[in-house]
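In case you want the letters, here they are:
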Amino acid sequence: MMRCGKTMLLAGAMAMSLPLACVAAGQETGGAGGGGGAANVQIPTVSQSMLNSAAKDSKNFLATNGNYDQTRFHPADEITTKNVKGLHVAWIFQTDVRESMETSPIVVNGVMYITTSFDHLYALNAQTGEQLWHYKHDMGPITVYCCGPNNRGAAVLGDKVYLATLDSKLDAIDTKTGKLVWSSQIADPSLGYSETMAPTAVDGKILVGTNGGEYGIRGFVKAFDANDGKLLWTFDTIPENSVGVWATKDATGRDMHRDIAAEKEALAKNGDPYKTLGGGVWQNPSVDLATKRIYFVVGNPSPDLDGSLRPGDNLYTDSLVSVDLDTGKLACYFQYIAHDLWDLDATSPTVLVNVKDKDGKTVPGVMHAGKTGYIYVHDRKDCKLIRFSEPMVSQKDRWVLPTPTQALDPKAARMFPGANGGVEWSPMATNPGLSLAYAINLEQEMTYTVASAPYPEGKLWLGGAFTNVPGGVQAGNVTAVDYDTGKIKWQVKTPQPMIGGILATGGGLVFAGESNGWFKAYDAKSGSILWKFQAGAGVNAPPSSYMAGGKQYIAVAAGGNVQVDSRRGNSIIAFTND
Amino acid sequence: MRRLSIPLAFALTVLPFAAHAQSIEEKAQICTACHGENGVPLEQSPPVPVIWGQNLGYLFFQLRDFKSGARKNDQMTPIAEGLEHSDLMALAQYFSKKPWPNLRQANPPANVAALAQRANKSVVCTSCHQEGFVGEGTQPRLAGQVRSYLEKTMTDFQSGARGNNPGMTDLMKSITEQEVAALAAYLAGM
């Protein structure tokens, strides 16, 4: 039964001005049964102009990283440094899937979209937490992925919500009914292609990258037509000439101890390794609407640790890349680490913000927080590096080469940071008013060993192993960096490695969760902890904020995480003040 | 091998002469000789794994690899070579739908379990094999698998005797013999 009417639960003039449609209360679609019940919630169409002004939208949370600049800054200021101590649970939604949760809740006019591991998608009443509908992706038999069955969220545009899946598909779901409209195959999962990222919706296009750098894929960013799922363009992250300039130093100027002569010999013998060179794109690109360019970062080369099979700089792995939004053609790039042997892929999503260049002039900038533990600040025009921050984590024994021996050998190489970083996939948050970028880091002592094996078609291809040193350092931190100077403003150490995400709000706060279940609010200027809550499972996901019923909410998933093996859960928790 | 050589040889001689189109159930009958009528594998050397209820993508990949030679096994290689490519997914689907048998293997003592868990913390096995070691898709379920098969598999990955997953070889080289034994006991008891 469809229930619509003139009465609306959703507050505000914005709801009035949009074309609205109604949803049958508590509908289950594409999967398990069991209704929720939510009366009279109208699901709005999402216009491109709404998405364009997302950064100023204090009501909604319209994209995984808040807006096309990906600042994860929500302007609402009802919750402040003064009153955050009164923050309490408003509701809890328990999903059907108790496994890693990495989803950023998307909220549009009181309707929340969240995803779970194994590619479930829920629409919830953002004010009450009640389910509107539940969609379960019909998973194919072949799924190949390294780092957990997780999913980082959905994208909304028009009357559809988009989900990218572990079997490398892109699903478009009707927001009113929760039913599948179309599904496109992105790439062949049996070769190691899969999706855990949220798509980006812009200008009638749905943009996705891919996983698979652990399996010898050839990475890409693809654009699909938002209406019918047709492929519009593909940007290969690995060009046919991947060799580059034989760079011997990384972006921070450190010598990487390359044996260029040996590499040139291998190149002459075996040719360019581009076909299986890796270069996945783990997460959302940022979108510069003025120049119609997107900015993303590219993951590690394959195999991760064995450079002998892949001579050359391995372009464009471990790089910042910008391409044209309409055509997918390369605009500029900057490689952080050429011929990476340490799995230091670039995964944390880019942020667009005005920055001071080397002469103190304000220019459009683009930032990325690396597994290396630095925040890099670039000129958006040509991708050139303006500065890199002070290191956020230990750089002990950085660039020690992986040893061709077993991890158990006491002489096996150990180094910081470990293969997870620094900053892993966790998106940063940015407060442009304070010129501060906030990143969450891991510090894990790992041993690195290398062992060569030929390309194994769809099987794990690391070229060695990185393992946590039993009893070794396992810690993390939340760091605030002034991106105009590169200096660390404040840093709070955490007892466990941090992976998930962080949110900055107009009330002068920063929110981040930890693997031990604590979800905390920090003073954005000083890093003082002003509030905390024990969620009962690892809070390893980026938080969101929105307004509903005239009140500000903070919402976060507490489901744990496979990579740090934190306690698993199944819940979305929303907090508000009285 | 001695126990089963006669029925197996018989099955192998019968198969090529089958002129009518066999259903998947009929084709799967040959598997029961080692993998068991009710999914409980026969005890023999080398050990035979549970395949009933194993994950679909993994079963498909193994049949594919046996057929191509990427994975070698004296019993499985001739059987896989005798299968059509179209049979591989069908057989994988057939067995993945069966219930995983409870082999009632004992829980290991606490110190052995602790060693197994320590090894998992180091290599993070659960990042592919999932929490509870139930696997998904092309990553196999390990929980409740035959203990001797688990031990042999990890050892064969370590040595390269099992060659169809170099990533697993790299990871198994990172753990000790004692950890292999502990993991086998721990996983079998789940």
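It should be emphasised that the depicted structure is a prediction, and the values quoted were computed from it without experimental measurement.

A.B. asks: Would you take a moment to explain the interface of chain B and chain A for this structure?
C.D. replies: If you look at the interface, chain B gives 32 residues, while chain A gives 38 residues. Regarding the contact of chain B and chain A, the summed buried area is about 2,700 Å², with carbon and sulfur atoms giving 53% of it. The largest per-residue losses of area from chain B upon contact with chain A belong to Glu131, Glu136 and Asp170 of chain B, which jointly make up 20% of the total buried on that side. For the interface between chain B and chain A, the tally reads 16 residue pairs in polar contact (both at pLDDT 80 or more). Contributions of two or more residues to the side of chain B that touches chain A are made by α3 (56–68), α6 (110–123), α7 (126–129) and α9 (166–172) of chain B. The element that contributes the greatest number of residues to the side of chain B that touches chain A is α3 of chain B, accounting for six residues.

A.B. asks: So what exactly am I meant to see when it comes to the packing of aromatic side chains here?
C.D. replies: Ring pairs (aromatic) are described by centroid distance and by the angle formed between their planes. All names here are of chain A. Using the criterion set out here, one finds 26 aromatic pairs over all chains in the structure. Taking the centre distance of 4.3 Å and the plane angle of 40 degrees together, the rings of Tyr336 and Tyr376 count as tilted. With Tyr336 in the loop between β21 (330–335) and β22 (351–356) and Tyr376 in strand β24 (residues 375–379), this pair connects stretches of sequence that are 40 residues apart. Exposure remark for Tyr336: the relative accessible area of 4% places this residue in the buried category.

A.B. asks: Would you take a moment to explain the state of the cysteines for this structure?
C.D. replies: A disulfide bridge is the covalent bond that connects two cysteines by way of their sulfur atoms. Within this structure, the stated rule accounts for two disulfides over all chains. Disulfide pairing places Cys146 of chain A opposite Cys147 of chain A at an S-S distance of 1.9 Å. Disulfide Cys146 of chain A-Cys147 of chain A: the torsion about the S-S bond is -90 degrees, which places it as left-handed. For Cys146 of chain A, a relative accessible area of 9% gives the class buried. Each disulfide pairs two cysteine sulfurs, and for Cys332 of chain A the partner residue is Cys383 of chain A, the sulfurs being separated by 1.9 Å. Looking down the S-S bond of the Cys332 of chain A and Cys383 of chain A bridge, the torsion is 65 degrees, so its handedness is right-handed. Of this pair, Cys332 of chain A sits in strand β21 while Cys383 of chain A sits in the loop between β24 and β25 (385–388); the two residues are 51 residues apart in sequence, bridging distant segments of the chain. Cys383 of chain A shares its class with Cys332 of chain A; the two are buried. Cysteine Cys34 of chain B is unpaired, with the sulfur of Cys31 of chain B as its nearest cysteine sulfur at 9.1 Å. Since its relative accessible area comes to 11%, Cys34 of chain B is described here as buried.

A.B. asks: Can you help me understand the packing of α6 of chain B against helix α10 (residues 177–188) of chain B in this one?
C.D. replies: The relative placement of two packed helices is expressed as an angle between their axes plus a distance between the axes. Residues and elements named next belong to chain B. Packing of α6 against α10 leaves a shortest axis separation of 8 Å and a crossing angle of 110 degrees. By the angle between their axes, α6 is roughly perpendicular relative to α10. Facing Val112, Ala113, Leu115, Ala116, Gln117 and Ala119 of α6, the residues of α10 in contact are Gln178, Glu179, Ala182, Leu183, Ala185 and Tyr186. Considered class by class, the residues forming the contact of α6 with α10 number nine nonpolar, two polar and one charged.

A.B. asks: Just to check I follow, could you spell out the pairing of strand β31 (residues 474–482) of chain A for this structure?
C.D. replies: Two faces make up the sheet, and in a regular strand the side chains alternate between them. All names here are of chain A. Among the nine residues of β31, eight are classified as buried, and the element is accordingly described as predominantly covered. As defined by bridge partners, strand β28 (residues 436–444) adjoins β31 across nine bridges and the pair is classed as antiparallel. Bridge pairing links Ala439 to Thr479 in β31. One ladder, built from six bridges, connects β31 with strand β32 (residues 488–494); its direction is antiparallel. Bridging from a neighbouring strand, Val478 pairs with Val492 of β32. What sits between β31 and β32 in their antiparallel hairpin is a turn of five residues, with Gly486 showing a positive phi close to 85 degrees.

A.B. asks: Help me understand the nonpolar core in this model?
C.D. replies: Nonpolar side chains in soluble globular proteins tend to end up buried together. The biggest cluster of nonpolar side chains holds 55 residues, and the ones touching the most others in it are Tyr113, Leu121, Trp133, Tyr162, Ile294 and Phe296 of chain A. Apart from the residues lying within four places of it in its own chain, the contact partners of Leu121 of chain A are Tyr113, Ile114, Thr115, Trp133, His134, Tyr135, Ala154, Val161, Leu163 and Ile173 of chain A. Residues Val144 of chain A together with Phe95, Cys125 and Ile175 of chain B belong to the second largest nonpolar core, which totals 50 residues.

A.B. asks: Please clarify how the sheet that holds strand β30 (residues 464–468) of chain A should be interpreted in this entry.
C.D. replies: Strand pairing in a sheet is mediated by backbone hydrogen bonds. Such pairs are either parallel or antiparallel. Residue and element names in this part refer to chain A. Ordered in space as β26-β29-β30, the three strands form an open sheet in which the pairing is antiparallel. The open sheet has two edge strands, β26 (413–415) and β30, and neither has a second partner. When strand polarity is set aside, the average angle formed by the axes of neighbouring strands in this sheet is 25 degrees.

A.B. asks: Any chance you could explain a positive patch on the surface here in plain terms?
C.D. replies: Together, Lys82, Lys85, Lys489 and Lys525 of chain A give the surface a local cluster of positive charge. On the secondary structure map, Lys489 of chain A appears in strand β32.

A.B. asks: Whenever I open this one, the pattern of salt bridges confuses me. Can you help?
C.D. replies: Where side chains of opposite charge bring their charged atoms close, a pairing between them can arise. Residues and elements named next belong to chain A. Taken as a whole and assessed by the stated rule, the structure comprises 22 salt bridges over all chains. Here Asp345 ties to Lys371 by a salt bridge, and the two come within 2.5 Å at their closest N and O atoms. Placement of Asp345 in the loop between β21 and β22 and of Lys371 in the loop between β23 (362–369) and β24 is noted, with a sequence separation of 26 residues between them. Judged by its relative accessible area of 3%, Lys371 is buried. The partner of Asp565 in a salt bridge is Arg568, and the shortest N-O contact between them spans 3.0 Å. If you follow the salt bridges from partner to partner, you end up with Asp203, Lys205, Lys292 and Asp326 in one network.

A.B. asks: What exactly am I supposed to notice about the sheet that holds strand β5 (residues 88–94) of chain A here?
C.D. replies: Residues and elements named next belong to chain A. Spatially, β5-β39-β38-β37 is the arrangement adopted by the four strands of the open sheet, whose pairing is antiparallel. Where the open sheet ends on each side, the last strands, each with one partner, are β5 and β37 (544–548). Across the sheet, the axes of successive neighbouring strands diverge by a mean angle of 30 degrees, strand direction being ignored. Note that strand β38 (residues 551–558) and strand β39 (residues 571–576) share six bridges and pair antiparallel. Opposite Ala558, over in β39, you have Ser571 as the bridge partner.

A.B. asks: Help me understand empty space enclosed by the protein in this model?
C.D. replies: If a probe the size of a water molecule is rolled over the atoms, the empty space left behind becomes visible. Residue and element names in this part refer to chain A. Counting across every chain of the model gives four cavities of 30 Å³ or more. When its volume is computed, the largest cavity comes out at roughly 160 Å³. In terms of lining residues, the largest cavity is bounded by 19 residues, among which Leu62, Ala63, Tyr68, Thr200 and Ala201 are the most central. Within the residue set of the lining of the largest cavity, elements represented by two or more residues are β10 (155–157) and β14 (200–202).

A.B. asks: Help me understand the environment of Tyr186 of chain B, please; the structure alone is not making it clear to me.
C.D. replies: All names here are of chain B. Relative to the elements of secondary structure, Tyr186 occurs in helix α10. The buried category is assigned to Tyr186, whose relative accessible area is 16%. When the C-alpha atoms of Tyr186 and Gly36 are compared, they prove to be 23 Å apart, with 150 residues separating the residues in sequence. Beyond its immediate chain neighbours, meaning those up to four positions away, Tyr186 contacts Pro108, Ala113, Ala116, Gln117 and Phe133.

A.B. asks: Mind showing me how you'd approach the pairing of strand β8 (residues 120–125) of chain A here?
C.D. replies: Residue and element names in this part refer to chain A. Burial within β8 is extensive, with six of its six residues counted as buried. Of the two faces of β8, both are covered, the one formed by His120, Tyr122 and Leu124 as well as the one formed by Leu121, Ala123 and Asn125. Relative to β8, strand β7 (residues 111–115) runs antiparallel, the two being bridged by five bridges. Paired with Met112 across the two strands is Leu124, which belongs to β8.

Reading the values: the criteria
- Residues numbered from 1 in each chain as written.
- Chains lettered and ligands numbered in written order.
- Predicted model: local features only at pLDDT ≥ 70, side-chain atom pairs only at ≥ 80, totals over all residues.
- Heavy atoms only, no water.
- Contact = heavy atoms within 4.5 Å.
- Buried area = accessible area lost by both parts, 1.4 Å probe.
- Polar contact = N/O pair within 3.5 Å; in protein donor to acceptor, adjacent residues only side chain to side chain.
- Helix = DSSP H or I, 4+ residues; strand = E, 2+ residues; numbered from the N terminus.
- Phe/Tyr/Trp six-rings, centres within 6.5 Å; stacked < 30°, edge-to-face > 60°.
- Buried < 20%, exposed > 50% of the residue type's maximum accessible area, 1.4 Å probe, protein only.
- Disulfide = S-S within 2.5 Å.
- Axes fitted to C-alpha atoms, helices over the stretch in contact; angles between N-to-C directions.
- Parallel < 35°, antiparallel > 145°, perpendicular 65-115°, else oblique.
- Nonpolar A, V, L, I, M, F, W, Y, C, P; charged D, E, K, R; others polar.
- Pairing = 2+ DSSP bridges.
- Core = buried A, V, L, I, M, F, W, Y, C linked by side-chain atoms within 4.5 Å.
- Patch = residues over 30% accessible without salt bridge, like charges linked within 9 Å, V, L, I, M, F, W, Y side chains within 5 Å.
- Areas by Shrake-Rupley, 256 points an atom, 1.4 Å probe, with all protein chains shown as cover.
- Salt bridge = Lys/Arg side-chain N within 4 Å of Asp/Glu carboxyl O.
- Lys, Arg positive; Asp, Glu negative; His and termini not counted.
- Charge placed at Lys NZ, Arg CZ, Asp CG, Glu CD.
- 1 Å grid on protein atoms, 1.4 Å probe; cavity = no way out; pocket = protein on both sides within 12 Å on 5 of 7 lines; lining within 4 Å.
- Points joined across faces, edges and corners; volume = space filled by probe spheres on them.

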